[in-house]
Structures are given as structure tokens and as C-alpha cells.
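The residues making up each chain are set out below.
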Amino acid sequence: MIFLDVEELLSHFRSIVTYQDLALGDYLFYQNDPAHSIFALQSGTIRLLHYTNEGQEIDHYRVHAGEIFAEIALFKESYVCTAIVEEPARVARFPKSEFWPALQQDPALSSAFMELLAHRLHQTKIMLEIRGIRSTRERILHYLRYMADSGKEIMQFHRSMRVIAQDLGVSPESLSRTLKQLQKEGIITRTKRMIQLNQ
């Protein structure tokens with residue numbers, strides 16, 4: 001059995017999954033809370049952050065719809081970060097007391113789960129590389145090229161401009177201004193929430 005996405009994982013574990021709706025500003029869990037579950041995000045955005053001993057906030061990353069998170073809970077007794085809702089969210093909860101034995105007993109399931117984790121790790125590495133580009137214009141262009149559908153050179157926005165700007169480490173104003181300039185130069189064609197790369 002090979003899982004291609006989180007929805008198939010949810011279907012496989014439908015007997016143990018519970019769902020929770022969260023509002024903007026809600027906390028799903030706090031750093032050092034007992035780690036009883038891992039999660040999948042069905043909608044919305046969740047920010048994962050860490051507090052230092054001095055109380056400073058350090059961003060880990062943002063979780064978007066279709067992604068799993070807090071999987072480190074399978075190996076830890078407490079959560080290593082805090083999860084706060086940035087856009088109203090629906091979260092699926094997998095109790096690790098049942099999820100972990102299922103992975104151990106089913107090699108195909110375990111392999112598919114590792115594939116999901118590896119894919120997410122790869123995406124995270126790519127985003128770190130993109131955020132390391134100093135030029136805002138080049139950073140946005142690299143992001144569009146990475147996110148474009150293979151062969152079609154088309155990208156459809158499924159998230160707000162504010163969230164995309166946060167992922168890129170730029171202001172929403174800079175993102176909007178750069179996209180308008182790229183469209184003016186004919187590098188992209190933009191219609192509503194879809195962008196086509198022309199070059």
C-alpha cells in the first residue's frame with residue numbers, strides 16, 4: 001500500500017482519527033505539553049514556534065493544508081514546540097498509542113509514511129534555500145518555478161498572499177509589487193489565483 005497524500009492516510013486510520021476545529025489565535029498544543037498525538041492539517045494554517053529560556057520566539061515553520069506535523073511526538077514524551085493557529089483550521093489527530101503500533105506492524109504503511117516525511121523534509125529544504133536568496137525578485141521567481149506544475153509551467157495559489165509572503169520572508173506588499181512587475185515584463189501571466197510562467 002502506497003499513500004500518495006494525507007487524505008489517504010486519513011482514510012486508512014479513519015477508525016482512530018478525531019477532528020478539531022480551531023479559530024485564529026487558538027493553540028493546538030504548547031511546548032513541553034505531553035505528546036499524545038501527531039496531526040494532519042485539513043484546512044487553514046498553523047505556525048510552529050519555539051520559546052527560548054529568555055522567552056524569545058523562534059519560528060520553526062508553517063503548516064499548510066495537506067501536511068502532517070508534530071511527528072516527532074512518536075519519539076518524544078513532550079512536544080518540542082508550540083502550535084498556534086494563523087488561519088482558522090481543521091486538524092486531524094492521530095493518537096500515537098495506536099498510530100505507532102500500526103507502523104511497526106505494517107512495513108508498507110511504514111514505508112509510505114516515511115515517504116511523506118521525506119517529501120516534507122525536501123520541501124522544507126527547498127524553501128530554506130529560496131529564503132536564502134537576497135534579491136526579493138529572484139526569491140519570488142525561484143519560488144514560482146519550484147511550485148509550478150511540471151510541464152505546464154502553471155501555478156495555482158491555494159493560500160493567501162499574506163501566507164505565501166510569510167513563507168518567502170517578504171512583506172505582502174513586496175510580493176504584490178513584484179508579481180505586478182513580473183506581469184508587466186511579460187515574465188508571468190496572472191489571472192485571479194493562477195500564474196503562468198512565460199519564461
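The numbers attached to residues start from 1 for each chain and follow its sequence in the written order. Reporting in this predicted model follows two pLDDT cut-offs: at least 70 for local features of residues, and 80 or more for side-chain atom pairs to be given and counted; totals over whole chains, interfaces and linings ignore these cut-offs and use all residues. The side-chain values count all of the structure's non-hydrogen atoms but skip hydrogen atoms and water molecules.

An unreviewed UniProt entry lists the protein chain under the name Crp/Fnr family transcriptional regulator, from Leptolyngbya boryana NIES-2135.

**Q** Give a description of a nonpolar patch on the surface that names residues and reports values.
**A** The grouping of Ile-72, Phe-75, Val-80 and Trp-100 at the surface amounts to a nonpolar patch, some 350 Å² of accessible area in total. When you line up the elements, Phe-75 lands in the loop between β5 (67-69) and β6 (82-95). Burial status follows relative accessibility: with a 1.4 Å probe on protein chains alone, a residue under 20% of its type maximum counts as buried, one over 50% as exposed, and anything between as partly exposed. The exposure class of Phe-75 is exposed, given its relative accessible area of 56%. Note on patches: the residues involved have over 30% relative accessible area and no salt bridge, like charges join within 9 Å, and the nonpolar side chains Val, Leu, Ile, Met, Phe, Trp and Tyr join within 5 Å. Accessible surface area values rest on a Shrake-Rupley calculation with a 1.4 Å probe, where residue burial reflects the displayed protein chains alone. In the sections that follow, a salt bridge refers to a side-chain nitrogen of Lys or Arg positioned within 4 Å of a carboxyl oxygen of Asp or Glu. By the criteria applied, helices consist of DSSP H or I runs no shorter than four residues and strands consist of E runs no shorter than two, each listed in order from the N terminus.

**Q** Lay out the domain arrangement of the protein chain with the relevant residues and their values.
**A** Size of an interface: often given as the accessible area lost when the parts come together. Domain boundaries in the protein chain define domain 1 (6-105) and domain 2 (133-197). For the domain bounds, the source is a domain assignment made automatically or taken from a database. Between the C-alpha centres of domain 1 and domain 2 there is a distance of 28 Å. Reported buried area values correspond to the accessible surface (1.4 Å probe) lost by two parts on association, with both partners' losses combined. For the pair domain 1 and domain 2, the summed buried surface comes to about 450 Å²; carbon and sulfur atoms form 42% of the total. Sorting the residues of domain 1 by area buried against domain 2 places Arg-62, His-64 and Glu-87 first, and these three jointly supply 80% of that buried surface. Our count for the contact surface shared by domain 1 and domain 2 stands at one salt bridge. One salt bridge in this structure joins Arg-162 and Glu-87, with 3.5 Å as the shortest N-O distance.

**Q** Could you give an account of the nonpolar core, naming the residues involved and the relevant values?
**A** The definition of a nonpolar core used throughout is a set of buried Ala, Val, Leu, Ile, Met, Phe, Trp, Tyr and Cys residues joined through side-chain atoms within 4.5 Å. One finds Phe-13, Leu-28, Phe-29, Ile-46, Phe-69, Val-91 and Phe-94 to be the most contacted residues of the largest nonpolar core, which totals 36 residues. Breaking this core down by element, the ones donating at least two residues are α1 (6-12), β2 (27-29), β3 (37-51), β5, β6, α2 (96-105) and α3 (107-131). Other than its neighbours up to four places away in sequence, Val-91 contacts Thr-18, Tyr-19, Gln-20, Leu-22, Leu-28, Phe-39, Ala-40, Leu-41, Ile-46 and Phe-69. In terms of nonpolar packing, the next biggest core, distinct from the first, is built from 19 residues, Ile-140, Leu-141, Ile-164 and Ala-165 among them. Contacts were defined at the residue level, with two residues in contact if any of their heavy atoms lie within 4.5 Å.

**Q** Please set out unusual backbone geometry residue by residue, giving values where relevant.
**A** Of note in the backbone geometry, Asn-32 takes a positive phi value of approximately 80 degrees without being a glycine. In this fold, Asn-32 is placed in the loop between β2 and β3. The phi angle at Ala-70 is positive, at roughly 65 degrees, despite the residue not being glycine. Among the secondary structure elements, Ala-70 is positioned in the loop between β5 and β6. Here Ala-70 falls in the buried class, since its relative accessible area comes to 9%.

**Q** Quick one: what's the story with helix α6 (residues 172-184), residue by residue and with numbers?
**A** The span you would expect from a helix comes to 1.5 Å times its residue count less one. Here α6 is 13 residues long and its end C-alpha atoms lie 18 Å apart, about the 18 Å a rise of 1.5 Å per residue gives. Turning to α6, its buried residues number three or more, namely Ser-174, Leu-175, Thr-178, Leu-179 and Leu-182. Along the long axis of α6, the arc covered by the buried residues comes to 130 degrees, so they all point the same way. For α6, the exposed residues lying more than 90 degrees away from the buried face are Glu-173, Arg-177, Lys-180 and Lys-184. Buried residues along α6 sit against α4 (136-147), α5 (161-168), β8 (188-191) and β9 (194-197). One or two positions beyond α6, positive phi appears at Gly-186, with a value near 80 degrees. As used here, the arc is the angular range of directions from the helix axis to the C-beta atoms.

**Q** So what about the pattern of salt bridges? Which residues, and what values?
**A** Following the criterion strictly, the structure yields seven salt bridges and no others. Asp-59 serves as the salt-bridge partner of Arg-62, at 4.0 Å between the closest nitrogen and oxygen. Residue Arg-62 is classed as buried on the basis of its relative accessible area of 15%. By relative accessible area, which is 40% here, Asp-59 ends up partly exposed. A network of salt bridges, in which partner residues are shared, links Arg-47, Glu-57, Asp-59, Arg-62 and Glu-86.

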